[in-house]
Amino acid sequence: NSSSITQFLLLAFADTRELQLLHFWLFLGIYLAALLGNSLIIIAIACDHHLHTPMYFFLLNLSLLDLGSISITVPKSMTNSLWDTRTISYSGCVAQVFFVLFLFGAEYSLLTIMSYDRYVAICKPLHYRTLLGARACVHMAAAAWGAGFLNALLHTANTFSLPLCQGNAVEQFFCEIPHLLRLSCSRSYLRKYGLLVVCVLVIFGCFVFIVVSYVQIFRVVLRIPSVQGRHKAFSTCLPQLAVISLFISTGTFAALKPPLISPSLDLVVSFLYSVFPPAVNPLIYSFRNRQLKDAV
């Protein structure tokens, strides 16, 4: 009976006190690095008028999403390790599921839009200002945030409306839908997995769009006669492609992992797709981008 559940038990990274404290300090360092890197990008883009272009506008939104996504999962895990506890309240678990889905869904939508931005900039440069004006960019960013919100609302409502009768132990360091569905005793597979199938189809559609966009981009870039022109085009495309590849590869690996995977390996996989990308994205974007480095 889900009404009797007032809290959930999360999976701990370590059992001994020394390893718990090591986990706390490690996650604290990663979290502070992610906060610093993404905050610097946001401030630099907001304050430098040379960066007030569609590409950097979308990058600012991406950094905001990265800040939010890592702030939903990591602080709670750090708190549990510091105070040697595993609990999270029922409402806290609902909020965590909603915001994780909201922010990661919006980020994937935004990465799809960013691939379209690079496609227009390189393949249709004369139409760039027309297709990606200020109003169009705001509408696209709002659509990405809205898609994430709708995705999170539907999945969260569906998951927590199912009866939970298999205990309250979530075998993950944050509340994640596949692990919560294992606690359900509902026999309706359509209700449990129907939305997930629809979500996978949408994700696959976006993935195809991204792949087609970058295939067209590289076809045009390789035809540029000057080495300097090719280098400039690649310098704006490769960081985005690296971020997209990191996000999709870690998310796909987490989604396709075997259901009977060991808890320790499951923790590593979930770390790779939920904590690693938000912390690494600022480094990827600033590594080959002189304009952004100068602004910072």
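Residues numbered from 1 in each chain as written. Predicted model: local features only at pLDDT ≥ 70, side-chain atom pairs only at ≥ 80, totals over all residues. Heavy atoms only, no water.

What follows concerns the UniProt feature "transmembrane region" (unreviewed entry) in the chain. As recorded in UniProt, the feature "transmembrane region" (unreviewed entry) lies at residues 24-45, 57-75, 87-111, 132-154, 193-215, 236-256 and 268-287. Secondary structure across residues 87-111 divides into 88% helix and 12% strand, with the first and last C-alpha atoms of the span separated by 34 Å. Span residues 193-215 is 100% helix and 0% strand, its end C-alpha atoms 33 Å apart. (UniProt positions renumbered as here; feature names shortened; annotations may be inferred. Helix = DSSP H or I, 4+ residues; strand = E, 2+ residues; numbered from the N terminus.)

One can describe the packing of helix α2 (residues 54-82) onto helix α3 (residues 90-123) by two numbers: an axis separation of 9 Å at closest approach and a directional angle of 160°. Taken together, the axis directions place α2 and α3 in an arrangement best described as roughly antiparallel. α3 is crossed by α2, and the crossing has left-handed handedness. The class makeup of the residues in the contact of α2 with α3 is 16 nonpolar, 5 polar and 5 charged. (Axes fitted to C-alpha atoms, helices over the stretch in contact; angles between N-to-C directions. Parallel < 35°, antiparallel > 145°, perpendicular 65-115°, else oblique. Left-handed = near helix turned anticlockwise from the far one by under 90°. Nonpolar A, V, L, I, M, F, W, Y, C, P; charged D, E, K, R; others polar.)

With that settled, consider the nonpolar core. In this structure, I45, F58, L59, L62 and L292 are the most contacted members of the largest nonpolar core, which totals 63 residues. Those elements that provide at least two residues to this core are α1 (17-47), α2, α3, α5 (134-160), α7 (189-221), α8 (227-255), α9 (263-274) and α10 (276-287). Considering each element in turn, this core owes the most residues, 13 residues, to α3. If we ignore the near neighbours within four places in the chain, the residues touching L59 are I41, I45, M114, Y285 and L292. Counting 15 residues, the second largest nonpolar core, distinct from the first, contains F8, V97, L162 and V170. (Core = buried A, V, L, I, M, F, W, Y, C linked by side-chain atoms within 4.5 Å. Buried < 20%, exposed > 50% of the residue type's maximum accessible area, 1.4 Å probe, protein only. Contact = heavy atoms within 4.5 Å.)

Turning to the side chain of S274, a few remarks are in order. Structurally, S274 can be placed in helix α9. Once you skip the residues sitting within four places of it in the chain, S274 turns out to touch F104, F173 and F174.

This part is about α2. Here α2 spans 42 Å end to end across 29 residues, near enough to the 42 Å set by a 1.5 Å rise per residue. Along α2, the helix axis deviates most sharply at S71, where the bend reaches about 35°; the proline P75 sits within four residues downstream. Phi for D84, located one or two positions after α2, is positive at around 55°. (Expected span 1.5 Å × (residues − 1). Bend = angle between axes of the 7 residues up to and from the residue.)

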